[in-house]
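Each chain, letter by letter, is given below.
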Amino acid sequence: FRDQLIIDTCLSYSSSFSGLDLRCNVLTDSGAKNVAAFLQENSTLRYLNLMFNDIGTSGAELIAGALHRNKTLVYMRMTGNKIGNKGGMFFASMLQINSTLEKLDLGDCDIGMECLIAIATALTQNKSVKAINLNRPLLYSQEEETTVHIALMLKNNSSLVELHLCKHEMRNFGVERLCEALYENSSLRYLDLSCNKITRDGVKFLGELLKLNQTLEILDLNANRIEDDGAIYLSEALALYNRTLQALSVVSNNISGKGLVALSDAMKTNMELSYIYIWGNKFDEATCMAFSELIQTGRLRPNRTDVEPYEVDGHIHLAELSHGLRRHYYWTPSCGEVTKKDANASLAIAAVSEHL
């Protein structure tokens, strides 16, 4: 779709829909000008998906400006539009004014350190945003300043339910700061720390947090390096203390049999932990047997994990299943409801994730 065709289509039905999905087109800053005008005039639109278009900084300024005045839009996805740090700053300013928007996705938008700090500052006061995606910023500092500011925000914010911090170059120092903040936070239910540089030492802080935290329901540690010791820290907290976490992803974390069996043992005593994703680690026979047992006894439902047992020559192995915390992040059905929500844990557990 070209800009004018998109806008003409929108305007012709402007009073009859509450959601508009324009993802994966070639909408540019020129089209963004018309989208901004549309947002200022429309009073019914609640969901707008502009994911993976060609909107840049000036387009971001116009759309964010329109949201200063818009009182109906609740969900907004800018995912994959290269608005840059300056474009992200316009959305940070918008969050200081807008009191309607509940979900904002700025993942893969090339935002930078200044933008992240500004957004964290805005969310300290903003009471309407329940879910925000800040995945894959462009960061050039090793000091984790952005994580420190996000942690400060979490100490003061009582409305944010879902936070995505994938690919933030986060290390153990940053995890420690987040955990310190989460001792004082009673609203966050979904924490995404995937694709960072967290090791067993960082997970130790998470394990201690989980012993006391009664809010977190989903924890995504996919593609870190927590290894066996990190998995054991989590297992101890989940087996003996925590009874609120429902979903855990430790995909691709260099965990071997010792750590994976510890996680499976934790599930035998913790009946609340219902979703666990382990693919991409080092499966030995003990691991295969342990998870096969969980599945065969009904403790772990087949659509709530990413492995499936099978037998060859008397030995149990595990095959990969395409289930996960965010199965439908980059792709969702173009019509109708997502079926089998259990295979996509963020939908099944945290309703706020529906469009984020």
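Everything below is about the structure printed above this text.
These numbers were taken from a predicted model, which means no experiment stands behind them. (Residues numbered from 1 in each chain as written. Predicted model: local features only at pLDDT ≥ 70, side-chain atom pairs only at ≥ 80, totals over all residues. Heavy atoms only, no water.)

Student: Quick question: what am I supposed to make of the overall build of the chain here?
Tutor: Along the backbone of the chain there are 12 helices and 12 strands. A burial count over the chain gives 57% of its 356 residues as buried. Taking all contacts inside the chain whose residues are at least 6 apart in sequence as the whole, residues at least 24 apart take part in 81%. (Helix = DSSP H or I, 4+ residues; strand = E, 2+ residues; numbered from the N terminus. Buried < 20%, exposed > 50% of the residue type's maximum accessible area, 1.4 Å probe, protein only. Contact = heavy atoms within 4.5 Å.)

Student: I tried to follow the pattern of salt bridges on my own but got confused; where do I start?
Tutor: A side chain with one charge can pair with a side chain of the opposite charge if their charged atoms come near. With the rule as written, the count across this model stands at 15 salt bridges. Note that Arg23 and Asp21 form a salt bridge whose closest N and O atoms lie 2.7 Å from each other. Residue Arg23 is classed as buried on the basis of its relative accessible area of 17%. Take Asp21: its relative accessible area is 36%, and that puts it in the partly exposed class. As a salt-bridge pair, Glu208 and Lys211 come within 3.1 Å of each other at their nearest N and O atoms. Here the residue Glu208 and the residue Lys211 both occupy positions in helix H8 (residues 200–212), the gap between them amounting to 3 residues, near one helical turn. (Salt bridge = Lys/Arg side-chain N within 4 Å of Asp/Glu carboxyl O.)

Student: What am I meant to see in unusual backbone geometry here?
Tutor: Generally, phi is negative for residues other than glycine and the peptide bonds are trans, each holding for most cases. One non-glycine residue, Phe52, adopts positive backbone phi at about 55 degrees. With respect to the helices, strands and loops of the structure, Phe52 is situated in the loop between strand S2 (47–49) and helix H3 (57–66). The partly exposed category is assigned to Phe52, whose relative accessible area is 32%. The residue Ser252 is not glycine, and still its phi comes out positive at about 55 degrees. As for its position among the elements, Ser252 is in the loop between strand S9 (247–249) and helix H10 (257–269).

Student: Mind showing me how you'd approach the pairing of strand S11 (residues 307–312) here?
Tutor: Look at any regular strand and the pattern is simple: side chains alternate between the two faces of the sheet. Pairing geometry for S11 and strand S12 (residues 315–320), over 6 bridges, is antiparallel. Bridge pairing links Pro309 to Leu318 in S12. Hairpin connection of S11 to S12: 2 residues between the antiparallel strands, including Asp313 at a positive phi of 55 degrees. (Pairing = 2+ DSSP bridges.)

Student: Could you clarify how one ought to interpret the packing of aromatic side chains in this entry?
Tutor: Given two aromatic rings, their pairing is described by the distance between the two centres and the angle made by the two planes. Applying the stated criterion across every chain, the model contains 3 aromatic pairs. Between Phe17 and Phe38 the ring centres are 6.3 Å apart and the planes differ by 50 degrees, which places this aromatic pair in the tilted class. Residue Phe17 is located in the loop between helix H1 (3–12) and strand S1 (19–21), and its partner Phe38 is located in helix H2 (residues 29–41); the two are separated by 21 residues in the primary sequence. Here the two residues Phe17 and Phe38 agree in accessibility, since each one is buried. Consider the rings of Tyr47 and Tyr75, whose centres lie 5.9 Å apart with planes at 65 degrees: the pair is edge-to-face. Of this pair, Tyr47 sits in strand S2 while Tyr75 sits in strand S3 (residues 75–77), and the two are 28 residues apart along the sequence. By relative accessible area, Tyr47 is classed as buried at 14%. (Phe/Tyr/Trp six-rings, centres within 6.5 Å; stacked < 30°, edge-to-face > 60°.)

Student: Whenever I open this one, the nonpolar core confuses me. Can you help?
Tutor: What tends to happen in soluble globular proteins is that the nonpolar side chains get buried as a cluster. In this structure, Leu50, Ile63, Met78, Phe91 and Ile132 are the most contacted members of the largest nonpolar core, which totals 91 residues. It is helix H5 (residues 113–125) that provides the largest number of residues to this core, a total of 7 residues. With residues near it in sequence (within four places) discarded, Phe91 still touches Ala60, Ile63, Ala64, Leu67, Met78, Ile83, Leu104 and Leu106. Of all hydrophobic cores here, the second largest spans 7 residues; its members include Ile218, Val251, Tyr277 and Leu325. (Core = buried A, V, L, I, M, F, W, Y, C linked by side-chain atoms within 4.5 Å.)

Student: Would you mind showing me how to read the environment of Asn242 here?
Tutor: Note that Asn242 resides in the loop between helix H9 (227–240) and S9. On a C-alpha basis, the gap between Asn242 and Glu272 in space is 8.8 Å, while along the polypeptide they are 30 residues apart. Beyond its immediate sequence surroundings of up to four residues, Asn242 is in contact with Leu210, Asn213, Ala237 and Asn270. Within the structure, the side chain of Asn242 is placed 2.8 Å from the backbone nitrogen of Leu245, a separation counted as a polar contact. (Polar contact = N/O pair within 3.5 Å; in protein donor to acceptor, adjacent residues only side chain to side chain.)

From the geometry alone we can't say anything about function, so treat these as descriptive.
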